[in-house]
Amino acid sequence: MEFVGQIVSGAFGEILARQKSGEELEIGELLACDEPNGIQLLQVYDLEYGSQIQPETIELMSGLRLEGKGEKTSFFEEELRHYVLAKVKGLVTVRGGKAVSTKTLPKFFNGLRRIRDADLSFLDKPEKPLFLGRLRSGSKAIDKRIELDGEKVLSHHVLVPATTGRGKSNLVKVMLYELLDKDYCGVLVMDPHNEYHKSLKKHAKAGEWLKSYSPNPEGGQVSLRVNYAALKPWHFNGVMPFSEAQQQTLHLAYKTWEKDWITRLLAGDSLGDKVQDVTLNVLQRKLGLILDGRVFVKNGSETIVDDVTGHLLDSKKVVIDTSRLGSEAELLVASVFTNALFNRRKAAQTDKPVVSIVLEEAPRVLSEAAGANVFSSIAREGRKFGVGLIAITQLASLIPREVLANLNTKIILGNEMKQEREALIASASQDLSTDDKAIAALDKGEAIVSSVFSRFAVPISIPLFEEHASAAAASAPARKAFV
Amino acid sequence: MAFDFAKLSPKKTALGAPHFSDPRYSPLAFDEARFQSFEAEAGRLTCVDGGNASVINTPNLSVQLVRVYRNEFDGGERKTSEESEFLVITRVEPASGGQMLLKAETMPLNGPKLLQEDLAFDWADATLAQGGFKASPSALGAVARRFAEWKMACRCFNPVRDGTLQTSVTNESIFSRKAYAESKGVFSALAKTSSLYTTTGLPLVSAVARLAGKRAAPWVYGPLCVNSQPDHEADLFVAKLHENATHCFRFEVKRGCDALSVLPALAFQASDLAFLGYPYGLVDADKRARVPFEEARQMQGVMRQEIGEGAWREIELDSCAVDAHDFLDRV
Ligand SMILES: Nc1ncnc2c1ncn2[C@@H]1O[C@H](COP(=O)(O)OP(=O)(O)OP(=O)(O)O)[C@@H](O)[C@H]1O
Ligand SMILES: [Mg+2]
C-alpha cells in the first residue's frame, strides 16, 4: 500500500495528517482511507508546517545559517523532524459500491493513500446526465466523468459564479454541447457575446437540435424580430425602472389599446386627461430607446414567440444572439420569451421536458434592486413547472440570500474576492467553510460543484471547450455525408 | 544596595583545582596541557537512555512504567533502534528477622525482556535511601530502569549513556560489568548536568570552559582525576563538541580506554542544529525513552479497569498517605 500520509490527530471534519516525506500533497487533493466499514474519501483543505523542534530553536538555527555561522552544522534525519501537516476532511464513505455520508472518524493513525479508480465506482452515469467535467484531485484531473441528474439539477437552477476570465462561458459551452441532443431538456440561451452559437454549431447534430436567432442572421440563424404586439407591460419588470405613474400609464395603455398599445404610445396618442403629458413624453422617449427597430418591430414576425417556446418545449436548444443589443433590450427579449414559456408551462399539465434559461450577469434581474420579475419568480417557483435558470455571474453577493439558497447547484469557479466566496460558502449545499482557500486558489477551468443532488462537494476539472468538442467529434460515429 | 550582586560573577572567583569529596578520586591540578583538540568525524555510536514514571504510588505499592531505548547511528544515518517497555510492580513484604523487603516484579509490555529476575532490596538499604529515610517502593522503578539501561547497552557498538558511568545502587555493578564485557568498542557517557566543583566552589565544567578561553572546539580536557573507585570504572573529562556550542559537558570513558576513539563521532553528531554541541543520538534517545505524564495516566486508566473499581478505591485510600502530586517519579 502506497501511503502518502498518516492521521495523527484532529477532530471530525478537521483531521490532521502528516505528509510522507517525498510526497507532495495539494490543497483540494483527494485521498482515501481504508476502513473496516468502507472506504472513506477525504480531501485536503489546508497545509501547514510541522516540526519536532521548538520554534525558538528553529529561529536560532536559521539565524546561524543566514549569518554565515552555519558551517559545520547539519540536520540529522531532517525528513523525520520537519514535515508537512495536511488538514483533511471526510467527503463521503464508499460502502459496497454506494456512497453514504461519512459519520465516523477514520481509525487513529491510519494511513492515507491517493484515490484509485476502484474507489469511484459509485459515480455512475445517471439516466439523464448533465456533464460538468472530470473529477479533480488538487490540480490533477482524474479520468472520471462527473455527471449529475440533469432533469433535477436544471429544474432546481444552476449558479455559475466566478471572477471574470475563470471559465464561466467555457463551462456553459461544454454543458450545452453535451446537452444539445438530449431530449430531456430545452434550453434558452441569451448570448450577449455571440459565443454560444459559434461554439454549439460545431456539434454534429446542430442542424437538428440547435435553433439560433440573431438580429443580423447569417449561416443558419433565423432573424430575431419581435412584433410589438407580443409585448406586455409586465415584460418590462426587472428590465428597466419605471416610476409608479409610468407603470400605471403602461397598464392603462395596454388596457385601452390592447395589442396596439406600444404602437399608440410610441405615436404619442393621448390616453385622456388621466395621464399627464410629461409622463407620456417620458414614456415615449424611454420606450423609443429600447424599441429602436432593430429587434422589436411594428409589422410582421408575429409568430416568433410561439416558435421559440415551441422549440424549447420540444427540447431544442435556442440561442439568441444579443451581441448588438443593449443590456435592456437583451433583457426585454429574454423577458418576452421567458414569460411566454412560463405561462405555457403553468397552463400545461406537465413539467417535462425541463426547460432551462441561461442568463449572463444574472444579478441584473435577480438582485434586490431589480424588483419582482419573471426570472425571480422562476428562481422561487420555477421547479414546480419544470423551468429553471442557469445564472452566470461575477457577483453572486448581489443576489439575495434566499434566492441564492434556491439555486440548488453551484458550480463554483475561481474567485479572489473574499466577499463573493463568503456569499457562496454561506449558501452552498455542503459545508464549504473550510474551502475558502481552495476556492481562492482555483485555476481556470477548475471548479467545486456544490449541489443538493450530490453527496459531497465535487471538485471538477472542466475541459477546454475547443478540445472537448473536437475530441467528441472524433469519437462520434462517422457521418454518411463523408462517404 | 546592601548586597553586592557584582561579587556573584564567577569571573571574580579563582579557578582553584578540581575537587572530589570521595578520597578514591585524586584530583589532578588544572593544566592547559591537558586540552586536546580534535576534528569531528562520522563514526558509529549507540546512544542509550531510559525513562520512568509512576502509575500507582502508595506507601506499600508502586507501579512504574519504564522505557529504555537505544539507537545506533553511523555518521548521520540511523542503523538500528530498539525499545523495551515494562511495568515495575513493587511491594513491601516482611521477611525473616523483623526485616522488611522491597520486592519488585517486572511485566514486559513491548520489546525485549531485559530484566529476567525479580528485584529484592532491604528496606533499609542505604543506597536506596533518600535523605536518611527508608526507601519508598517507588524507588525501585528508577533502579529497574538503571539496570535495564545497562542491559540495553550489552552487545552494542560504542555505547554512549546519558549521564555517567557511576553505579550507585546495590548490585548495579553486576549489570555494568556485564555491559562492559559484552559491548564492543568503547563505553562512554555524556552528562548534561554535573555536580562536580572546584576547590573555590565553581562548577567544575564552567571552570574548565574558562580555562579553555578562546580555544577552538571541539576539544576535550582531562583526565580530571585519578579514579580508583571500584563502582565507577571511568576516566573523567570535560568536552566541548562544537565551536558554536554554548555548553561543555562532563564526559566519561570506560577506565583505560581512549577518549578520542569516540569523541570525533560524538562531535559529528553534535553538529545538529537543534542542540549544537550535544549529540543528536542522545537527543533522540532522550525523547524516545521519556515517559510523559499523560502516558502514565493512560496506563493508570488501563490498570484501574484491570483491578476493578472496588479494589482501586482501596488503593486510592492508601495513596492519600503520599503526596498527591507525586505521580512522576523524581528520582
Ligand atoms: N476549462 C478550461 N481549461 C483551460 N482554459 C480555460 C478553461 N476555461 C476557460 N479557459 C481559458 O480562459 C479564457 C476565459 O474563459 P471564459 O471566457 O470562459 O471566462 P469567463 O469566466 O466567461 O469570463 P468573462 O467574465 O469575461 O465572461 C478562455 O478563453 C480560455 O482560454
Ligand atoms: Mg464569459
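Structure shown above.
Keep in mind that this is a model prediction, so the values were computed, not measured.

1. A word on the packing of aromatic side chains
Inference 1: Per the stated rule, a full pass over the model turns up 24 aromatic pairs over all chains.
Inference 2: Ring geometry for A:Phe342 versus A:Phe385: centroids 5.6 Å apart, planes at 85°, classification edge-to-face. Placement of the pair is A:Phe342 in helix α11 (residues 327–347) and A:Phe385 in the loop between α13 (374–381) and β18 (387–393), with a sequence separation of 43 residues.
Inference 3: The buried category is assigned to A:Phe342, whose relative accessible area is 3%.
Inference 4: Taken together, the ring pairs connect A:Trp234, A:Phe236, A:Phe242, A:Tyr254 and A:Trp261 into an aromatic cluster.
Inference 5: Above the face of the A:Trp209 ring, A:Lys316 is positioned so that its terminal group lies 5.2 Å from the ring centre.
Inference 6: In this structure, B:Arg161 packs its charged tip against the face of B:Trp150, placed 4.3 Å from the ring centre.

2. With respect to the environment of A:Gln40
Residues and elements named next belong to chain A.
Inference 1: On the secondary structure map, Gln40 appears in strand β4 (residues 38–51).
Inference 2: Expressed as a C-alpha distance, the spacing of Gln40 and Ala141, which sit 101 residues apart in the sequence, is 20 Å.
Inference 3: Discounting residues that sit within four places of it in the chain, Gln40 has contacts with Leu31, Ala32, Cys33, Glu35, Val92, Thr93, Thr102, Thr104, Leu105 and Pro106.
Inference 4: Looking at Gln40, its side chain comes within polar contact range of the main-chain oxygen of Thr104, at 3.1 Å.

3. Brief notes about the sheet that holds strand β13 (residues 222–223) of chain A
Residues and elements named next belong to chain A.
Inference 1: Read across the open sheet, the twelve strands follow the order β9-β8-β21-β20-β19-β10-β18-β17-β11-β16-β12-β13; overall the sheet is mixed. Each edge of the sheet is formed by a strand with only one pairing partner; in this case those strands are β9 (140–149) and β13.
Inference 2: The strands touched by helix α10 (residues 304–313) within the sheet are β11 (185–191), β12 (210–214), β13, β16 (317–321) and β17 (354–359), with β12 carrying the most contacts at an inclination of about 155°.
Inference 3: Lying on the sheet, α13 is in contact with β17 and β18; it crosses β18 at an angle near 115°.

4. A closer look at the site of ligand 1
Residue and element names in this part refer to chain A.
Inference 1: Surveying the vicinity of ligand 1 reveals 13 residues, the closest of which are Gly165, Lys168, Ser169, Asn170 and Ile462.
Inference 2: Residue Thr164 places a side-chain N or O atom 2.9 Å away from an oxygen atom belonging to ligand 1.
Inference 3: In this structure, an oxygen atom belonging to ligand 1 sits 2.8 Å away from a main-chain N or O atom of Asn170.
Inference 4: Here ligand 1 loses 67% of its free accessible area of 630 Å² to cover by the protein chains.
Inference 5: Considered class by class, the residues forming the shell around ligand 1 number three nonpolar, seven polar and three charged.

5. Concerning the sheet that holds strand β15 (residues 249–254) of chain B
All names here are of chain B.
Inference 1: Here we have eleven strands laid out as an open sheet, ordered β3-β12-β14-β15-β10-β9-β4-β5-β6-β7-β8, and mixed in their pairing. The open sheet is flanked by β3 (35–37) and β8 (119–122), the only strands paired with a single partner. For this sheet, the mean inter-axis angle between neighbouring strands, taken without regard to orientation, is 25°.
Inference 2: Alignment of strand β5 (residues 61–74) against strand β6 (residues 77–94), held across 14 bridges, turns out to be antiparallel. Paired with Arg67 across the two strands is Glu85, which belongs to β6.
Inference 3: Where helix α5 (residues 280–289) meets the sheet, its contacts fall on β4 (44–58), β5, β6, β9 (159–162) and β10 (188–191), and the angle it forms with β5 comes to roughly 150°.

6. Digging into the interface of chain B and chain A
Inference 1: With 16 residues of chain B in contact, the opposing surface of chain A contributes 15 residues.
Inference 2: For the chain B and chain A pair, buried surface summed over both sides reaches about 1,300 Å², with 55% attributable to carbon and sulfur atoms.
Inference 3: On the chain B side of the interface with chain A, the three residues burying the most area are B:Leu273, B:Ala274 and B:Tyr280, jointly 42% of the side's total.
Inference 4: Our enumeration of links across chain B and chain A arrives at two salt bridges.

7. Points about the packing of α10(A) against α11(A)
Residue and element names in this part refer to chain A.
Inference 1: Taken N-terminus to C-terminus, the directions of α10 and α11 make an angle of 60°; their axes are 9 Å apart at the nearest point. Taken together, the axes of α10 and α11 lie oblique to each other. Considering the relative orientation of α10 and α11, their crossing is right-handed. Listed contacts from α11 to Ile304, Val305, Asp306, Val308, Thr309, Gly310, Leu312 and Leu313 of α10 are Val336, Phe337, Ala340, Leu341, Arg344 and Arg345.
Inference 2: Looking at the contact of α10 with α11, its residues break down into nine nonpolar, two polar and three charged.

8. Description of the side chain of A:Thr309
Inference 1: By the element assignment, A:Thr309 lies in helix α10.
Inference 2: Ignoring sequence-local partners within four residues, the contact set of A:Thr309 consists of A:Phe337, A:Ala340, A:Leu341 and A:Arg344.

9. A few points about helix α4 (residues 168–179) of chain A
Note on helix geometry: an α-helix contains 3.6 residues per turn, so any two residues three or four positions apart are oriented the same way.
All names here are of chain A.
Inference 1: Taking 1.5 Å of rise per residue, the twelve residues of α4 would be expected to cover 16 Å, and the 16 Å separating its terminal C-alpha atoms lies within 8% of that figure.
Inference 2: Taking burial as the measure, the twelve residues of α4 include twelve buried ones, the bulk of the element.
Inference 3: Of the residues making up α4, those classed as buried are Lys168, Ser169, Asn170, Leu171, Val172, Lys173, Val174, Met175, Leu176, Tyr177, Glu178 and Leu179.

10. Concerning the pairing of β9(B)
All names here are of chain B.
Inference 1: Of the two faces of β9, the one carrying Pro159 and Arg161 and the one carrying Val160 and Asp162 are both buried.
Inference 2: Where β9 meets β10, three bridges bridge the pair, whose relative direction is parallel. Pairing of Val160 across the sheet is with Ser188, part of β10.
Inference 3: Where the polypeptide runs from β9 across helix α2 (residues 172–182) and back to β10, its parallel neighbour, the crossover connection is right-handed.

11. What about the pattern of salt bridges?
Inference 1: Tallied over the entire structure, the rule returns 54 salt bridges over all chains.
Inference 2: We note a salt bridge from B:Glu82 to B:Arg70, for which the minimum N-O separation is 2.7 Å. Residue B:Glu82 is found in strand β6, and its partner B:Arg70 is found in strand β5; the two are separated by twelve residues along the sequence.
Inference 3: Each of A:Glu23, A:Glu26, A:Glu29, A:Arg114 and A:Lys140 takes part in one network of salt bridges that share partners.

What counts and how
Residues numbered from 1 in each chain as written. Chains lettered and ligands numbered in written order. Predicted model: local features only at pLDDT ≥ 70, side-chain atom pairs only at ≥ 80, totals over all residues. Heavy atoms only, no water. Phe/Tyr/Trp six-rings, centres within 6.5 Å; stacked < 30°, edge-to-face > 60°. Helix = DSSP H or I, 4+ residues; strand = E, 2+ residues; numbered from the N terminus. Buried < 20%, exposed > 50% of the residue type's maximum accessible area, 1.4 Å probe, protein only. Lys NZ or Arg CZ within 6 Å of the ring centre and 35° of its normal. Contact = heavy atoms within 4.5 Å. Polar contact = N/O pair within 3.5 Å; in protein donor to acceptor, adjacent residues only side chain to side chain. Pairing = 2+ DSSP bridges. Axes fitted to C-alpha atoms, helices over the stretch in contact; angles between N-to-C directions. Near = heavy atom within 4 Å. Areas by Shrake-Rupley, 256 points an atom, 1.4 Å probe, with all protein chains shown as cover. Nonpolar A, V, L, I, M, F, W, Y, C, P; charged D, E, K, R; others polar. Buried area = accessible area lost by both parts, 1.4 Å probe. Salt bridge = Lys/Arg side-chain N within 4 Å of Asp/Glu carboxyl O. Parallel < 35°, antiparallel > 145°, perpendicular 65-115°, else oblique. Left-handed = near helix turned anticlockwise from the far one by under 90°. Expected span 1.5 Å × (residues − 1). Right-handed = clockwise from strand over helix to strand, strands pointing away.

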